[in-house]
Amino acid sequence: MKKFFIIFILALIPFASTKVSAESDLPLNSEAGIIIDAKSGKVLYGKNMDKRMYPASLTKVATAIYAIEHGDKNELVTVSKKAAKADGSSVFIEPGEEIELSELIAGMLINSGNDAAIAIAEHMSGSEELFMEDLNEFLRKEVNITDTHFTNPHGLFDKDHLTTASDLAKITQYAMKNETFREYFGKKELPWEVETWDTTLITHHKMLKGELPYKGITGGKTGFVSQSGYTLISTATRGEQELIAVTLKAPSDKVAYSDTKLLFNYGFENFKSGKIDKKSKLYSADYSNSYTLNEDLYYTHLISDQPNLKTSNDGILSIMNQEGEAIKSFDLNTVADVRNTVLPAPIKQETINDNLIKFSVPSLGLGGF
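None of the values given here were measured: they were computed from a predicted structure. (Residues numbered from 1 in each chain as written. Predicted model: local features only at pLDDT ≥ 70, side-chain atom pairs only at ≥ 80, totals over all residues. Heavy atoms only, no water.)

Chemist: How should helix α1 (residues 59-70) be read in this particular structure?
Modeler: Every α-helix winds through 3.6 residues per turn, so residues three or four apart in the chain are directed the same way. In this model α1 runs 17 Å from its N-terminal to its C-terminal C-alpha over 12 residues, within 8% of the 16 Å that 1.5 Å per residue would give. Within α1, 10 of the 12 residues are buried, leaving the element largely enclosed by the surrounding structure. Looking only at α1, the buried set comprises Thr 59, Lys 60, Val 61, Ala 62, Thr 63, Ala 64, Ile 65, Tyr 66, Ala 67 and Ile 68. (Helix = DSSP H or I, 4+ residues; strand = E, 2+ residues; numbered from the N terminus. Expected span 1.5 Å × (residues − 1). Buried < 20%, exposed > 50% of the residue type's maximum accessible area, 1.4 Å probe, protein only.)

Next comes the structure, spelled out in structure tokens:
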């Protein structure tokens, strides 16, 4: 009697044959907006998401993640006269004052200090101008965005300081993978003691601080200059699902928040997130190769959809929807370790339920399957 064993794999669940998609029509009043799954990067909805626009202080998300990844958080930053005299929102730092880089980053995100942003830039690269060269190169090469060009670290208006809702979502997705950034981005308040100001900084983001409560909110950044209108980045989590919402050029902050709520509701009510665990083992279509994943694979699917998984002979893993269309693909040769194997009988694959796919394989005594 042959012995069989079962491999359980979290299913990659695709989009179903429903009209709910990134092309659906949501009544956003902001000029541009986007909602994405933070883990898979899947765009759930977009309006003018690739239009180049002015981001205002949402710029500081990029400044923050660059400084966190390329600086020493414990280093002391000496505040220059230029930084201390910055226009707009401020954390009231003084020329010659020494402040830890980590404190400046947190203060910049929470209280949107333009003075802190310039001090960070000058410390990181020697000058604001050189910092912008470094930051833009970082965004192109490490974050892999193509429609953004920043001319300053804070977001005060400049006609050439441009980005898109899509790029801002990608920058935030990248940044949220960093635990230090996540901590700063989600802070509601921060004790703040500098030479001329002893206070507690309170986040400007109304959802985050509870003025406009939203279930699962985890972080946010506000922005405004007259040319950009009201801009907003927000993050929220429910269960395994993490979403990022961006709205640009809202006519009021009320509209920015109502649009953000609309985007979040749409994402949480229509989509689910999932993954194939990195410990899972997959097989090529002809069973000539087995692949053990070396990283988790993330996907997004409609709540109403059922998953199906298909691999090709050359190791392309495709996630199929109910109409047999591939909605997500992975090259297993780049995300897995490959080991040749010869199976005495075909693998039987069947869908168990919405979340699991079962493979029944004759035991070969190889271990580790």
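Moving on from the model shown.
Chemist: Can you walk me through the sheet that holds strand β15 (residues 309-311) in this structure?
Modeler: Whenever strands of a sheet pair, they do so through backbone hydrogen bonds, lying parallel or antiparallel. Spatially, the 3 strands line up as an open sheet ordered β15-β16-β17, and their pairing is antiparallel. Only two strands of the sheet have a single neighbouring strand rather than two, namely β15 and β17 (326-331). Taking each pair of neighbouring strands and ignoring which way they run, the sheet shows an average axis angle of 20 degrees. Note that strand β16 (residues 316-320) and β17 share 5 bridges and pair antiparallel. Residue pairing for β17: Met 320 is matched across the bridge by Ala 326. (Pairing = 2+ DSSP bridges. Axes fitted to C-alpha atoms, helices over the stretch in contact; angles between N-to-C directions.)

Chemist: So what exactly am I meant to see when it comes to the side chain of Ser 40 here?
Modeler: Considering the arrangement of structural elements, one finds Ser 40 in the loop between β2 (32-37) and β3 (43-47). A polar side-chain atom of Ser 40 sits 3.2 Å from the main-chain amide nitrogen of Lys 42. Residue contacts for Ser 40: discarding those within four places in its chain leaves Gln 173, Tyr 298, Tyr 299, Thr 300 and Lys 328. (Polar contact = N/O pair within 3.5 Å; in protein donor to acceptor, adjacent residues only side chain to side chain. Contact = heavy atoms within 4.5 Å.)

Chemist: How should I be thinking about the packing of α1 against helix α5 (residues 128-141) in this particular structure?
Modeler: Helix packing geometry: the angle between the two helix axes and the distance between the axes. Close contact between α1 and α5 brings their axes to 11 Å; oriented N to C, the two are set at 90 degrees. Here α1 lies roughly perpendicular to α5, going by the angle between them. Residues Ala 62, Thr 63, Ile 65, Tyr 66, Glu 69 and His 70 of α1 form the contact with α5, whose participating residues are Phe 131, Asp 134, Leu 135, Phe 138 and Leu 139. (Parallel < 35°, antiparallel > 145°, perpendicular 65-115°, else oblique.)

Chemist: Explain the packing of aromatic side chains here, please?
Modeler: One pair of aromatic rings is described through two measures. These are the centre distance and the angle between the planes. The full count for this structure, using the stated rule, is 11 aromatic pairs. Measuring from ring centre to ring centre gives 5.7 Å for Phe 138 and Tyr 174, while their planes differ by 80 degrees; the resulting arrangement is edge-to-face. Residue Phe 138 is found in helix α5, and its partner Tyr 174 is found in helix α6 (residues 165-175); the two are separated by 36 residues along the sequence. Its relative accessible area of 2% is what places Phe 138 among the buried residues. Pairing Phe 181 with Phe 185 gives two aromatic rings, centres 4.9 Å apart and planes at 25 degrees, and the pair type is stacked. Highlighted residues: Phe 181 and Phe 185, both in helix α7 (residues 179-185), separated by 4 residues, approximately one helical turn. The exposure class of Phe 181 is buried, given its relative accessible area of 0%. By way of ring pairs, the aromatic residues Tyr 66, Phe 131, Phe 138 and Tyr 174 are connected into one cluster. Of note, Arg 238 hangs over the ring of Phe 268, and the distance from its end group to the ring centre comes to 4.5 Å. (Phe/Tyr/Trp six-rings, centres within 6.5 Å; stacked < 30°, edge-to-face > 60°. Lys NZ or Arg CZ within 6 Å of the ring centre and 35° of its normal.)

Chemist: Help me out: how do you make sense of the nonpolar core in this one?
Modeler: Grouped burial of nonpolar side chains is what soluble globular proteins tend to show. Of all hydrophobic cores here, the largest spans 60 residues; its most connected members are Ile 93, Ile 105, Leu 135, Leu 139, Phe 181 and Val 246. With 22 residues, the next largest nonpolar core counts Leu 26, Tyr 214, Ala 236 and Leu 243 among its residues. (Core = buried A, V, L, I, M, F, W, Y, C linked by side-chain atoms within 4.5 Å.)

Chemist: Mind showing me how you'd approach unusual backbone geometry here?
Modeler: A negative phi angle characterises most non-glycine residues, just as the trans form characterises most peptide bonds. Even without being glycine, Asn 48 reaches a positive phi, approximately 50 degrees. The residue Asn 48 is located in the loop between β3 and α1 in this model. A relative accessible area of 39% places Asn 48 in the partly exposed class. Phi is positive for Ala 56, close to 55 degrees, though the residue is something other than glycine.

Just geometry here; none of it tells us what the structure is for.
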